[in-house]
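Listed below are the residues making up each chain.
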Amino acid sequence: MVGLGDLTGQGLASFARSVSADGDTVVGFSIVEVLPGMWTETETEAFRWTEATGMSGLGDLPGGRYYSIARDVSGDGAVIVGYGNTDLGWEPFVWTESCGIRRLADVLRNDFGVDIGAWQLRYALGVSDDGLVIVGYGINPEGNTEGWVVCLRDECFEEDDDDDHGGKRHRHHDHEDD
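Residues numbered from 1 in each chain as written. Predicted model: local features only at pLDDT ≥ 70, side-chain atom pairs only at ≥ 80, totals over all residues. Heavy atoms only, no water.

Overview of the sheet that holds strand S11 (residues 145-151)
Phase 1: The 3 strands are arranged S9-S10-S11 in an open sheet whose pairing can be described as antiparallel. Every other strand in the sheet has two partners, leaving strand S9 (120-127) and S11 as the edge strands with one partner each. Shown here is a sheet whose adjacent strand axes are inclined to one another by a mean of 30°, direction ignored.
Phase 2: Both S9 and strand S10 (residues 133-139) contribute to a ladder of 6 bridges, which runs antiparallel. (Pairing = 2+ DSSP bridges. Helix = DSSP H or I, 4+ residues; strand = E, 2+ residues; numbered from the N terminus. Axes fitted to C-alpha atoms, helices over the stretch in contact; angles between N-to-C directions.)

Structural notes on the pattern of salt bridges
Phase 1: Tallied over the entire structure, the rule returns 4 salt bridges.
Phase 2: The closest approach of N and O atoms between Asp111 and Arg102, which form a salt bridge, is 2.7 Å.
Phase 3: Note on Arg102: relative accessible area 26%, which makes it partly exposed.
Phase 4: Put simply, Asp106 and Arg109 hold a salt bridge, and the shortest N to O gap is 2.7 Å. One end of the pair, Asp106, and the other, Arg109, are both in helix H1 (residues 104-112), 3 residues apart, so they sit about a helical turn from each other.
Phase 5: Classification of Asp106 as partly exposed rests on a relative accessible area of 22%. (Salt bridge = Lys/Arg side-chain N within 4 Å of Asp/Glu carboxyl O. Buried < 20%, exposed > 50% of the residue type's maximum accessible area, 1.4 Å probe, protein only.)

Considerations on a negative patch on the surface
Phase 1: Side chains of Asp22, Asp24, Glu51, Asp76 and Asp129 sit close together on the surface and give a patch of like negative charge.
Phase 2: Mapped onto the elements of the fold, Asp22 is located in the loop between strand S1 (13-19) and strand S2 (26-33).
Phase 3: Residue classification places Asp22 among the partly exposed positions, given a relative accessible area of 41%. (Patch = residues over 30% accessible without salt bridge, like charges linked within 9 Å, V, L, I, M, F, W, Y side chains within 5 Å. Areas by Shrake-Rupley, 256 points an atom, 1.4 Å probe, with all protein chains shown as cover. Lys, Arg positive; Asp, Glu negative; His and termini not counted. Charge placed at Lys NZ, Arg CZ, Asp CG, Glu CD.)

Some points on the side chain of Ser68
Phase 1: On the secondary structure map, Ser68 appears in strand S5 (residues 68-73).
Phase 2: There is a polar contact of 2.8 Å between the side chain of Ser68 and the backbone oxygen of Gly59.
Phase 3: The contacts of Ser68, once residues within four sequence positions are left out, are Phe29, Thr44, Glu45, Ala46, Gly59, Asp60, Tyr83, Gly84, Phe93 and Ile101. (Polar contact = N/O pair within 3.5 Å; in protein donor to acceptor, adjacent residues only side chain to side chain. Contact = heavy atoms within 4.5 Å.)

Remarks on the side chain of Ser74
Phase 1: Position of Ser74 among the secondary structure elements: in the loop between S5 and strand S6 (79-86).
Phase 2: The class for Ser74 is buried, based on a relative accessible area of 1%.
Phase 3: Among the polar contacts listed, one links the side chain of Ser74 to the side chain of Asp76, at a separation of 3.0 Å.
Phase 4: A polar side-chain atom of Ser74 sits 3.2 Å from the main-chain amide nitrogen of Ala78.
Phase 5: Apart from residues no more than four positions distant in its own chain, Ser74 is found in contact with Ser20, Ala21, Val79, Val127, Ser128, Asp129 and Gly131.

Quick word on the pairing of strand S8 (residues 100-103)
Phase 1: With 4 bridges joining them, strand S7 (residues 89-96) and S8 adopt antiparallel strand pairing. The residue of S8 that forms the bridge with Thr96 is Gly100.
Phase 2: Joining the antiparallel neighbours S7 and S8 is a turn of 3 residues.

Structural data, given as structure tokens:
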């Protein structure tokens, strides 16, 4: 057994939430005491732990209280999902080493051309081994709490040659229009 430590090195608290399929990467969150001796004044930060690097903080989404929790990690440890607190409330994030922590809604829109419409994504709770399928829950356009899944694999998209969409990839629907 190996203790993971915590982000401050003060022995406050850390919580492991998931491990990569290859067993090399652990993710979770650590409690960071803002004012010494004041447990009521804490921040929570998502972390990534490997034997080689130890525990590294993933940061936080901009706005809101400093609060992020890593919930799951891809099979090779390259993609981490979780949620944080912003000015809009709880929002899911995706973290990669090359891009850092980003709002999932921004990644979907900017990197994949996915329009989430009136959905309010709140929590990302799981990611597939290849890092391209993410699950969570949020508020649907009707105002109800509902689970969601987003697939970012190539077979989930079709190329759109229509100039109205600027040549971006769009979700492929396997159902007929009503």
